[in-house]
Amino acid sequence: MNILVINAGSSSLKYQLIDIVTEKVIAKGLCERVGSKDSFHKHGIDEDEVVIDTFLPDHKAAIEVVLRSLVEGPRAPIHSVSEIDAVGHRIVQGGAYFNQSVVITPDVKDKILELAELAPLHNLSALQGIKACEEVLPDRLQVAVFDTAFFQTLPPKAYMYPIPYELYQKYGIRKYGAHGTSHRYIASRAAELLGEPLSELKMITCHLGNGCSVSAIDHGVAVDTSMGLTPLDGLMMGTRSGAIDPAIVPFLMDHEGLSTQDVSDLLNKQSGLLGISGISNDMRTVQEAAQEGNERALLAYDMYANSVKKYIGQYMAVMAGVDVIVLTGGIGENSSIIRRLIFAGMQPMGIVVDSSKNEQRGFERLISHDKSKVRIIVVPTNEELMIARDTYALVHKSSQIVPYKG
Ligand code: ADP
């Protein structure tokens, strides 16, 4: 059974075709700059990748090109689109409506649209992707997998903001979190690798990529996470500030004459590693500059590691301890320097990195010292596989429903 996984961004569309029985990726790729004249399509099977310049006026055109590349040519992985059994869509914002993945119905689409106010670029592009797939594959089940769903278990004391309660009632202003599919995947994969039930572990999961977030997962249940109403909250990131004193916003608006859009751009696109280093939002470039003695680059990565360390401390307090810390994302998986800095000096809390294991490269691996009470494990995330698994589970469930013949 083949599941097509679609992740539609504002001007991009990433996809993977996954054989759910073997969990093998049959083909994958992405369409970039959708809607602009210099759009292109990258399509890969195994290690081979082709890049095709092609005009993609909208997401429907992108889906059509993707489907064609799956069935045409000498190396086409499938013969016909009928070999695609279902489609799973990544949706960024599911609000308080969705605590799990669902089959897409007109009502689900209405809710995704209603929630677009909280994630305008993402939810609207996802809807375009859904519409395009419905048109091209009308008889296939479409499933929505929400980045926020995993955090619907947070207790009110974690998801409420201490602002007038009426604003929560009026606008739904609260913490929804993000990266939930990734946190869910790495938590369950870490438990599997350790051979211990997730339901018996206190875990802190750290997704450290361009966007960064940390979650507290207490015996398998998410109890807190660092991203908030939007993905701007929490950790310092590539270009996002993460949590700052909220009084900085009106201060900047007054003193720099910034509009709400300007201040939002400043905090989302010009802050974080980029804002502090003045060099790049890319951790590799920042590290290189720091190694050459650039002081602002050094400060940027010191601040970055410190922000992760502080969340780990917070979540240890929330759960009264931690058994396992999981790291993923480009930085979490690859940067031994950042990992060393995050865990430096935490020996009194039972957290000790093994410096030689920390330097090793590879995939899934333990990097904690044998004498460390807390296990630290690196697990590359796989959100697409999680989306495919959820989609398959819902296809399976819906095929069990016997239609009512009245
Ligand atoms: P995204 O969130 O867009 O999926 P990634 O998970 O790919 O992003 O993470 C991108 C980040 O990972 C960048 O800051 C990049 O510099 C960093 N990164 C990737 N490889 C390394 C490395 N070897 N050392 C340090 N940082 C790295």
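Since the structure is predicted, the reported quantities are computational estimates derived from the model, not experimental observations.

### Some remarks on the overall build of the protein chain
Moving on, step 1. Regarding its fold elements, the protein chain presents 15 helices and 14 strands.
Moving on, step 2. At 22 Å, the protein chain has a C-alpha radius of gyration in line with the 22 Å of a compact globule built from 406 residues.
Moving on, step 3. When the backbone C-alpha atoms are referred to their principal axes, the protein chain occupies close to 65 × 55 × 50 Å.
Moving on, step 4. Burial analysis of the protein chain (406 residues in total) assigns 50% to the buried set.
Moving on, step 5. When contacts within the protein chain are restricted to residue pairs at least 6 apart in sequence, those whose partners lie at least 24 apart make up 60%.
Moving on, step 6. As displayed, the protein chain offers around 19400 Å² of accessible surface, 53% of which is attributable to carbon and sulfur atoms.
Moving on, step 7. A gap of 3 Å separates the mean positions of the 38 positive and 48 negative side-chain charges of the protein chain.

### Some words on the sheet that holds strand β9 (residues 202-208)
Moving on, step 1. Taken in spatial order, the six strands line up as β11-β10-β9-β12-β14-β13 in an open sheet, and their pairing is mixed. At either end of the open sheet lies a strand with only one pairing partner, and these are β11 (221-225) and β13 (365-366).
Moving on, step 2. Examined bridge by bridge, strand β10 (residues 212-218) and β11 share four bridges and lie antiparallel to one another. By the bridge assignment for β11, Asp 218 is matched with Val 221.
Moving on, step 3. Taken strand by strand, helix α6 (residues 180-194) contacts β9, β10, β12 (324-328), β13 and β14 (375-378), and its axis lies near 125° from that of β9.

### Focus: the pairing of β10
Moving on, step 1. Within β10, six of the seven residues are buried, which leaves it mostly tucked inside the rest of the structure.
Moving on, step 2. Where β9 folds back on β10, the antiparallel hairpin that results is connected by three residues.
Moving on, step 3. Counting the residues in the hairpin turn of β10 and β11 gives two residues, including His 219, whose phi is positive at 50°.

### Looking at the sheet that holds strand β8 (residues 141-146)
Moving on, step 1. One open sheet holds the eight strands; their spatial order is β5-β4-β3-β2-β1-β6-β8-β7, and the pairing between them is mixed. Among the strands making up the open sheet, the edge pair consists of β5 (48-53) and β7 (102-103).

### Quick word on a nonpolar patch on the surface
Moving on, step 1. A surface patch of nonpolar side chains, amounting to about 280 Å² of accessible area, comprises Met 1, Val 21 and Tyr 392.
Moving on, step 2. Looking at the secondary structure, you find Tyr 392 in helix α15 (residues 383-400).

### Structural notes on the UniProt feature "active site" (unreviewed entry) in the protein chain
Moving on, step 1. The UniProt record marks Asp 147 with the feature "active site" (unreviewed entry), using the residue numbering of this structure.
Moving on, step 2. Each residue touching Asp 147, except ones within four places of it in the same chain, is listed here: Arg 90, Ile 91, Val 92, Ala 178, His 179, Gly 180 and Thr 181.

### Some thoughts on the site of the ligand
Moving on, step 1. Near the ligand, the surroundings consist of 14 residues, among which Asn 210, Asp 282, Met 283, Arg 284 and Gly 330 are the closest.
Moving on, step 2. In this structure, Asn 210 approaches the ligand through a side-chain N or O atom, which is 2.9 Å from an oxygen atom.
Moving on, step 3. Ile 331 has a polar backbone atom sitting 3.3 Å from an oxygen atom of the ligand.
Moving on, step 4. When the free accessible area of the ligand is taken as 580 Å², the share hidden by the protein chains comes to 71%.
Moving on, step 5. Considering every element that reaches the shell around the ligand, the biggest residue donor is helix α12 (residues 329-334), with four residues.
Moving on, step 6. Here the shell around the ligand is composed, by residue class, of two nonpolar, nine polar and three charged.

### Digging into the pattern of salt bridges
Moving on, step 1. The tally for this structure, following the rule as stated, stands at 17 salt bridges.
Moving on, step 2. As a salt-bridge pair, Lys 109 and Glu 134 come within 2.8 Å of each other at their nearest N and O atoms. In this pair, Lys 109 is assigned in helix α2 (residues 106-114) and Glu 134 in helix α3 (residues 120-136), connecting sequence segments 25 residues apart.
Moving on, step 3. With relative accessibility at 24%, the residue Lys 109 sits in the partly exposed group.

The rules behind these values
Residues numbered from 1 in each chain as written. Predicted model: local features only at pLDDT ≥ 70, side-chain atom pairs only at ≥ 80, totals over all residues. Heavy atoms only, no water. Helix = DSSP H or I, 4+ residues; strand = E, 2+ residues; numbered from the N terminus. Rg over C-alpha atoms; globule rule 2.2 N^0.38 Å. Buried < 20%, exposed > 50% of the residue type's maximum accessible area, 1.4 Å probe, protein only. Contact = heavy atoms within 4.5 Å. Areas by Shrake-Rupley, 256 points an atom, 1.4 Å probe, with all protein chains shown as cover. Lys, Arg positive; Asp, Glu negative; His and termini not counted. Charge placed at Lys NZ, Arg CZ, Asp CG, Glu CD. Pairing = 2+ DSSP bridges. Axes fitted to C-alpha atoms, helices over the stretch in contact; angles between N-to-C directions. Patch = residues over 30% accessible without salt bridge, like charges linked within 9 Å, V, L, I, M, F, W, Y side chains within 5 Å. Salt bridge = Lys/Arg side-chain N within 4 Å of Asp/Glu carboxyl O. UniProt positions renumbered as here; feature names shortened; annotations may be inferred. Near = heavy atom within 4 Å. Polar contact = N/O pair within 3.5 Å; in protein donor to acceptor, adjacent residues only side chain to side chain. Nonpolar A, V, L, I, M, F, W, Y, C, P; charged D, E, K, R; others polar.

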